[in-house]
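Results of the structural survey
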Amino acid sequence: MRPPRNALLLVAVALAFADSAIVVLALPDLIDRFDASIGGVSWIVTSYNLALAITALALPPLLRRTEPATVVRAGAAVFAAASLGCAASGELWLLVACRTVQGVGGALLLAASVPVLGGDRRATTRWALASAIGAALGPALGGALTQLFDWRAIFLVQAPVAALALAAPRVPVAAAPPAGASPPERARGSRGRLAANTALALLSGALVGALFLVVVLLVDAWRYSPLAAAAAASALPVGTVAARLVRRSSPAAGAVFVAGGLAALAFIPGDAVGWPVAALALCGLGSGLALPPLTLAAFAGAARLDAAAARSVGARHVGLVLALVAITALLTTALDRGIERAKLLGTARVLDAPLPLETKVPLAVQLALALERTPKGKVPDFTPQFAPHPEAAALHRRLDETIVGVITHAFRGSFLLCAGLALVSLPLIGLARR
Amino acid sequence: VRLVVVAVVTSLTLLVVELAAGGLHYGAAQPPRPCAERETVGGAGLDPALQRAALRVLDEVGCRLGRSREQLVLDLTQRGIDVVALARRLEGLPSVLRGIVERLLQS
């Protein structure tokens, strides 16, 4: 009976990791539904990750006294109930509150699931792999559910999946085996685990570029539908799964792939979807190569697996939250500047357009009005203004190209910051593997 | 080590392909500077001539104020001068002017 139960638990683990970024593609819908600002709805993402990080880091004392399966069941129950609460939320504050509770449940589920899965190297490897694939799958899964059904479907689907973990088999507290069977692994000590967790935090921060920024770029700047953006973002989990084909373990190569993919996102030469897909595939491959062995290194030689898992989960989500905060500030400033530049370049395109005054003057009036109506931080869509002027199709195309190009360029600094985080993890990976 | 080399080479290849396709300058165009020599609307006839005159006025006024013609237009809007309303009033002007000139030419 245990293997199927373990498989169900692994699905729940992947889901709790996927939840970090699962609502990203639903954010435009959520802005409309709650009539909220981008800053307001971003708390739907931040609250989950912050609650998960804080709870995971505070968990080890509790885990010493409680049977792991009980903690997993409690976590799954809290997660499932909070998911239903999210789906039923009619107010933004209530959704943020439910997401916070969901994060608390997620931390309980993730930390205690490693000993429940068996605690041997095979179990920790599977847990680490589920965490990497789950995290990569989040945006695509959320985008597909939003487009096919509704943003509430994201949370409705989660409740039964999380409930699968309620069938977690019992493992007595004393029976929780130490991680890593081999003596050299146990000898690595806390310095190696600290280095591994710090590298995990940096890589999780770096992956904010692949999990969040690309999606915002595709939906807000390139005006992709959630389903189309989800299809493009699926290159990330595909890359992560493809990393399993590489027999050798190399977190350093993984970090280089992640940095390379993010740098490639910073220098996209046009709005063809192939560019972000290729870059995301590299990021996915990198996360598949780096995260599982680093997670194992974060467990190696630990006296208690659940405490090691809690610290590892906490470190990853602390890295993610800090990177989210830094990148949001950087991107907001860059976008504000970019939109000002796009306004000037767009005005130049209109003034210089080879169109008769009879077309140009009324069109300019409509464009100026549309620009006034566009909320701060949003990219204007001039399609309705150009509809009655087929003779101005070339101007429409040039105007769109200019705006999309300038906004894409505004993301460059944020992608480069993420690439830098991945590169900074390299020396720590060296320490963790020593 | 071999896998790290593969990662470096793969990443650099994608980057080089992107840069060769114009990735460095994509979206990096800067708005025109004030007082810079500008290409203007081409073509013969009254309409292009009117546009050239209007753009020249904008350029000269903007240059004195240290602004480009685009900054000037956006400034006027932001400072409460209703450029939209003004432009709306002028919407019929091109056809009126064209009518006057055509009548003059016919006569």
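Throughout what follows, the structure given in this document is the object of discussion. The shown structure was predicted, so the numbers you read here are calculated from the model rather than taken from an experiment. (Residues numbered from 1 in each chain as written. Chains lettered and ligands numbered in written order. Predicted model: local features only at pLDDT ≥ 70, side-chain atom pairs only at ≥ 80, totals over all residues. Heavy atoms only, no water.)

Quick look at the overall build of chain A
Within chain A, the secondary structure is distributed over 20 helices and 0 strands. Considering chain A as a whole, with its 434 residues, one finds that 60% of them fall into the buried category. Here the analysis covers contacts within chain A between residues at least 6 apart in sequence; of these, 86% occur between residues at least 24 apart. Accessible surface for chain A amounts to roughly 15900 Å². Of this, 67% is attributable to carbon and sulfur atoms. Mean positive and mean negative side-chain charge positions of chain A (36 and 21 charges, respectively) differ by 18 Å. (Helix = DSSP H or I, 4+ residues; strand = E, 2+ residues; numbered from the N terminus. Buried < 20%, exposed > 50% of the residue type's maximum accessible area, 1.4 Å probe, protein only. Contact = heavy atoms within 4.5 Å. Areas by Shrake-Rupley, 256 points an atom, 1.4 Å probe, with all protein chains shown as cover. Lys, Arg positive; Asp, Glu negative; His and termini not counted. Charge placed at Lys NZ, Arg CZ, Asp CG, Glu CD.)

Some remarks on the side chain of Thr402(A)
Topologically, Thr402(A) is positioned in helix α19 (residues 393-410). Apart from the residues within four sequence positions on either side, Thr402(A) is in contact with Leu345(A) and Arg349(A).

Quick word on a negative patch on the surface
Taken together, Asp29(A), Asp32(A), Asp35(A) and Asp150(A) make up a surface patch of like negative charges. Mapped onto the elements, Asp150(A) comes out in the loop between α7 (121-148) and α8 (151-163). (Patch = residues over 30% accessible without salt bridge, like charges linked within 9 Å, V, L, I, M, F, W, Y side chains within 5 Å. Salt bridge = Lys/Arg side-chain N within 4 Å of Asp/Glu carboxyl O.)

Let's talk about the interface of chain B and chain A
Between chain B and chain A, the residue contacts involve 42 residues of the former and 47 residues of the latter. Contact between chain B and chain A buries roughly 3700 Å² in total, counting both sides, with carbon and sulfur atoms accounting for 71%. It is Leu3(B), Glu18(B) and Tyr26(B) in chain B that bury the most area against chain A; as a group they hold 19% of the surface buried on that side. We note a salt bridge from Arg38(B) to Asp352(A), for which the minimum N-O separation is 3.6 Å. The interface formed by chain B and chain A includes 8 residue pairs in polar contact (both at pLDDT 80 or more). Elements supplying a minimum of two residues to the side of chain B that touches chain A: α1 (2-20), α2 (46-65), α3 (69-78), α4 (83-89) and α5 (93-106) of chain B. Here the side of chain B that touches chain A gets 12 residues from one element, more than from any other, and that element is α1(B). A breakdown of the residues in the side of chain B that touches chain A according to their chemical character gives 24 nonpolar, 10 polar and 8 charged. (Buried area = accessible area lost by both parts, 1.4 Å probe. Polar contact = N/O pair within 3.5 Å; in protein donor to acceptor, adjacent residues only side chain to side chain. Nonpolar A, V, L, I, M, F, W, Y, C, P; charged D, E, K, R; others polar.)

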